[in-house]
Amino acid sequence: ILNARSAILMDADSGAILYAKNIHQQEYPASTTKILTTLIASERCSMDEIVDFSYDAVHDIDPGSNHIAIDPGEQLTMEEMLYGLMLRSGNDAAVAIAEHIGGSVPQFVQRMNARAAELGAANTHFANPNGLPDDTHVTTAYDLALIARAAMGNEAFRRIVSTRSAQIPWAGRTYSRQLRNKNRLLETYPGATGVKTGFTSRAGRCLVFGASRDGMELVGVVLN
C-alpha cells in the first residue's frame, strides 16, 4: 500500500501514465523544486561559467537547512554549483544560481514559472529556487513528472543527478568539499538514474525518481 498523499509513475519516452494517485492535487514539493532550477541552469549556462556567492545567498538561508558552507565572495563553476545543489541539496547554491541567471531571485522565479508552464505544469507555482516553505510554493505529482521527464532529456542534468558522489573546491582549505548524493536509490535500486529527494515538515518526504531497464525508462513522483 502506497501511503504517499499523491504519486505517479510515467513512461519517460511516451509520457504514458502507468500509476496515478491524486496526481493533480497540489502539494508542497520541498527540494524537488531544485529539479527545475537545475534544468534551467543546464539549458541556459555553460558548465564552466563562474558563479559568485552574494551576502544574501549565504545569509538569507536558514543555517539549519541544507547548505554547502559557502562564504560570501566565494566562487564555483556552474557545474560545481549544480553538484552542490543536487547532491548536497544546498539551498545557498540555489540562491546563487538564481541570482547568476536571473539577476535576482524574483526574476529567476519568474523564469521558473514560465518554464514550468511551457512544460505543461499547469497546477504549479514556485516562489523560490530551492523549495523552502512558502504558502504559494506548490506543485503536483503530475507536474513534477513532466518537469523531471524534460530534465532527464538534458545531458548535463542527467549526468549530475546520476552521480553518487563528487568533490568540489573549498576556498582557503587544503581539502575539497565531499558531496554524497542523498538519493539512496542510486546505490540500492538496479537501473536507478536519479532524480531528487526532498523534505520539510510541511511537505513531508518527497521523491522524484528515474530508472531504466531493458530499454524502458520510467520517471516517478511521490509527495508527502
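Relevant structure appears above.
Keep in mind that this is a model prediction, so the values were computed, not measured.

About the criteria used
- Residues numbered from 1 in each chain as written.
- Predicted model: local features only at pLDDT ≥ 70, side-chain atom pairs only at ≥ 80, totals over all residues.
- Heavy atoms only, no water.
- Salt bridge = Lys/Arg side-chain N within 4 Å of Asp/Glu carboxyl O.
- Helix = DSSP H or I, 4+ residues; strand = E, 2+ residues; numbered from the N terminus.
- Buried < 20%, exposed > 50% of the residue type's maximum accessible area, 1.4 Å probe, protein only.
- Phe/Tyr/Trp six-rings, centres within 6.5 Å; stacked < 30°, edge-to-face > 60°.
- Lys NZ or Arg CZ within 6 Å of the ring centre and 35° of its normal.
- Patch = residues over 30% accessible without salt bridge, like charges linked within 9 Å, V, L, I, M, F, W, Y side chains within 5 Å.
- Areas by Shrake-Rupley, 256 points an atom, 1.4 Å probe, with all protein chains shown as cover.
- Axes fitted to C-alpha atoms, helices over the stretch in contact; angles between N-to-C directions.
- Parallel < 35°, antiparallel > 145°, perpendicular 65-115°, else oblique.
- Contact = heavy atoms within 4.5 Å.
- Nonpolar A, V, L, I, M, F, W, Y, C, P; charged D, E, K, R; others polar.

Asker: For the pattern of salt bridges, give the residues involved together with the corresponding values.
Answerer: Under the criterion given, the structure shown has 8 salt bridges. A salt bridge links Glu74 to Arg177, with the nearest nitrogen and oxygen atoms 3.0 Å apart. Of this pair, Glu74 sits in the loop between helix H2 (55-59) and strand E4 (75-77) while Arg177 sits in strand E6 (residues 177-180), and the two are 103 residues apart along the sequence. Across this residue pair, the class does not change: Glu74 and Arg177 are buried. Residues participating in the shared-partner salt-bridge network are Glu43, Arg115 and Glu118.

Asker: Provide a residue-level description of the packing of aromatic side chains, including the pertinent values.
Answerer: For the structure on display, the rule yields 1 aromatic pair. Judged by centre distance (5.9 Å) and plane angle (80°), the ring pair of Trp170 and Tyr175 falls under edge-to-face. Directly above the ring of Tyr28 sits Arg202, whose terminal nitrogen or CZ lies 4.7 Å from the centroid. Cation over ring: Arg205 sits above Phe199, and NZ or CZ is 4.7 Å from the ring centre.

Asker: I'd love a proper account of a nonpolar patch on the surface, names of residues and values included.
Answerer: On the surface, Leu2, Leu18 and Tyr19 cluster together into a nonpolar patch covering about 270 Å² of accessible area. Among the structural elements, Leu18 can be located in strand E2 (residues 17-21). By relative accessible area, Leu18 is classed as partly exposed at 49%.

Asker: With reference to specific residues and values, describe the packing of helix H1 (residues 34-44) against helix H3 (residues 78-86).
Answerer: For any two helices packed against each other, the geometry is given by the interaxial angle and the distance between the axes. The interhelical angle for the contact between H1 and H3, taken along N-to-C directions, is 170°, at an axis separation of 10 Å. Between H1 and H3, the angle is such that the two are roughly antiparallel. The segment H1 lies against H3, with Lys34, Ile35, Thr37, Thr38, Ala41 and Ser42 engaging Met78, Leu82, Leu85 and Met86. Here the residues of the contact of H1 with H3 sort into 6 nonpolar, 3 polar and 1 charged.

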